[in-house]
Amino acid sequence: MRAKIVNARRFGAYAHLVLTAPQIARRARPGQFVMVRAEGKGAPFLRRPFSICRARANTVELLIKAVGPGSRLIASQPAGASLDVVGPLGTGFTLTGKSPRLLIGGGFGVAPLLFLAESLQARGVDAEVLIGGRCEEDLLLRRELKMAGARVACATEDGSHGTHGLVTDLLEARLENRTRPCRMAAAGPWALLRAVAGLAQRRKAPAEVSLEEMMACGLGVCNGCVIKVKNHYLRVCKEGPVFRAEDVA
């Protein structure tokens with residue numbers, strides 16, 4: 001569909017866009033994504049995938065990091081412009097169950113965790129969000145997560161905000177002190193997801209990870225985003241982007 005941008009906020013290399021997309025918003029689930037293309041002269045042919053940061057009655061919110069020509073063009077679009085959007089796509093996070101949740105996000109990976117945190121709060125599930133980054137500027141959506149009712153703790157590699165160290169250090173401390181079983185959900189760089197999967201395995205705690213891969217179609221047709229899962233392969237855009245951590249090779 002053509003989705004109109006009703007609000008555009010930019011900070012550094014990031015843009016937070018609010019799109020009018022009622023058909024997508026009504027069907028979206030935490031962890032799903034959309035494929036987006038800017039229109040006009042010079043726009044790349046292929047759409048770009050972005051996690052759904054938040055979905056409300058008529059709007060969908062995206063957090064975009066301007067990296068290449070496609071994402072830079074999309075991030076630079078002003079309020080009032082329209083984007084070509086396909087979605088919601090993929091398989092999202094598990095929402096069933098009442099066990100407390102630990103949500104772990106690294107940098108730009110925090111995007112799908114806002115939608116997840118809001119959905120868990122609506123279901124009465126306790127959620128704490130652990131955010132990590134190289135510096136304070138990488139700690140995204142802190143205010144929005146707190147407004148959603150989630151507890152938020154941060155870690156920075158340079159010590160500019162929160163705990164000095166990695167977000168997985170925070171996670172390990174939380175797991176050490178927990179007396180109740182919990183579930184984990186993580187999104188971010190592969191190194192972070194690998195570390196979370198290792199901690200989950202040692203603690204025998206269920207964990208889901210949201211993977212990021214380059215995509216051409218986003219619909220499961222081109223097989224360009226396959227990852228190894230145990231002894232076979234699955235598509236990040238179709239069977240994912242959310243997988244059980246224990247399944248990913």
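What you see is a predicted model, and the numbers here were worked out from it, not measured in a lab.

**Some thoughts on helix 6 (residues 190–203)**
Since there are 3.6 residues in each turn of an α-helix, residues three or four apart along the chain are aligned in direction.
Thinking step 1. Its 14 residues place the ends of helix 6 20 Å apart at the C-alpha level, agreeing with the 20 Å of an ideal helix rising 1.5 Å per residue.
Thinking step 2. Check the buried side of helix 6 and you find it contacts strand 7 (101–106), helix 5 (167–177), strand 11 (183–187) and strand 12 (207–210).

**Re the pattern of salt bridges**
Thinking step 1. Applying the stated criterion across every chain yields a total of 17 salt bridges.
Thinking step 2. Between R56 and E118 there is a salt bridge, and its shortest N-O distance comes to 3.9 Å. Residue R56 is located in the loop between strand 4 (48–55) and strand 5 (59–65), and its partner E118 is located in helix 3 (residues 111–122); the two are separated by 62 residues in the primary sequence.
Thinking step 3. Here R134 ties to D138 by a salt bridge, and the two come within 3.4 Å at their closest N and O atoms.
Thinking step 4. Each of R54, R56, E61 and E118 takes part in one network of salt bridges that share partners.

**Some thoughts on the side chain of D84**
Thinking step 1. In this structure, D84 sits in strand 6 (residues 82–89).
Thinking step 2. At a separation of 3.1 Å, a polar atom in the side chain of D84 contacts the side chain of R47.
Thinking step 3. For D84, the residues in contact, after removing those within four places along its chain, are M1, M35, V36, R37, E39 and R47.

**Quick word on the sheet that holds strand 3 (residues 33–38)**
Thinking step 1. If you walk around this closed barrel you meet the 6 strands as 1-2-5-4-3-6, and the pairing is antiparallel. Adjacent strand axes in the sheet meet at a mean angle of 45°, parallel and antiparallel pairs treated alike.
Thinking step 2. The pairing of strand 1 (residues 2–11) with strand 2 (residues 14–20) spans 7 bridges and is antiparallel. Within the sheet, the bridge partner assigned to I5 lies in strand 2 and is L19.
Thinking step 3. In the packing of helix 3 onto the sheet, contacts are made with strand 4 and strand 5, and the angle to strand 4 comes to roughly 30°.

**Overview of empty space enclosed by the protein**
Thinking step 1. Throughout the structure, instances matching the rule amount to 1 cavity of 30 Å³ or more.
Thinking step 2. In terms of lining, the largest cavity is formed by V36, R37, A38, A43, P44, L46, R47, R48, G70, L73 and I74.
Thinking step 3. Of all the elements in the fold, those that place two or more residues in the lining of the largest cavity are strand 3 and helix 2 (69–75).
Thinking step 4. Classifying every residue of the lining of the largest cavity gives 7 nonpolar, 1 polar and 3 charged.

**Some thoughts on the packing of aromatic side chains**
Thinking step 1. Applying the stated criterion across every chain, the model contains 2 aromatic pairs.
Thinking step 2. Summarising the aromatic geometry, the rings of F11 and Y14 are spaced 6.0 Å apart at their centres and angled 25° between planes, so their arrangement reads as stacked.
Thinking step 3. In this structure F11 comes out as partly exposed when scored by relative accessible area, which is 26%.
Thinking step 4. Look at Y14 and you get buried, because its relative accessible area is 9%.
Thinking step 5. A connected cluster of aromatic rings, assembled from ring pairs, spans F11, Y14 and F108.

**Quick notes on the state of the cysteines**
Thinking step 1. Applying the stated rule across the entire model yields 0 disulfides.
Thinking step 2. Summary of cysteine pairing: C135 is not part of a disulfide, and the nearest cysteine sulfur, belonging to C154, is at 12 Å.
Thinking step 3. You can see C222 has no disulfide; the closest cysteine sulfur is in C217, sitting 3.7 Å from it.

What counts, and at which threshold
- Residues numbered from 1 in each chain as written.
- Predicted model: local features only at pLDDT ≥ 70, side-chain atom pairs only at ≥ 80, totals over all residues.
- Heavy atoms only, no water.
- Helix = DSSP H or I, 4+ residues; strand = E, 2+ residues; numbered from the N terminus.
- Expected span 1.5 Å × (residues − 1).
- Contact = heavy atoms within 4.5 Å.
- Salt bridge = Lys/Arg side-chain N within 4 Å of Asp/Glu carboxyl O.
- Polar contact = N/O pair within 3.5 Å; in protein donor to acceptor, adjacent residues only side chain to side chain.
- Pairing = 2+ DSSP bridges.
- Axes fitted to C-alpha atoms, helices over the stretch in contact; angles between N-to-C directions.
- 1 Å grid on protein atoms, 1.4 Å probe; cavity = no way out; pocket = protein on both sides within 12 Å on 5 of 7 lines; lining within 4 Å.
- Points joined across faces, edges and corners; volume = space filled by probe spheres on them.
- Nonpolar A, V, L, I, M, F, W, Y, C, P; charged D, E, K, R; others polar.
- Phe/Tyr/Trp six-rings, centres within 6.5 Å; stacked < 30°, edge-to-face > 60°.
- Buried < 20%, exposed > 50% of the residue type's maximum accessible area, 1.4 Å probe, protein only.
- Disulfide = S-S within 2.5 Å.

Honestly, that's just the spatial picture; any functional story needs more than this.
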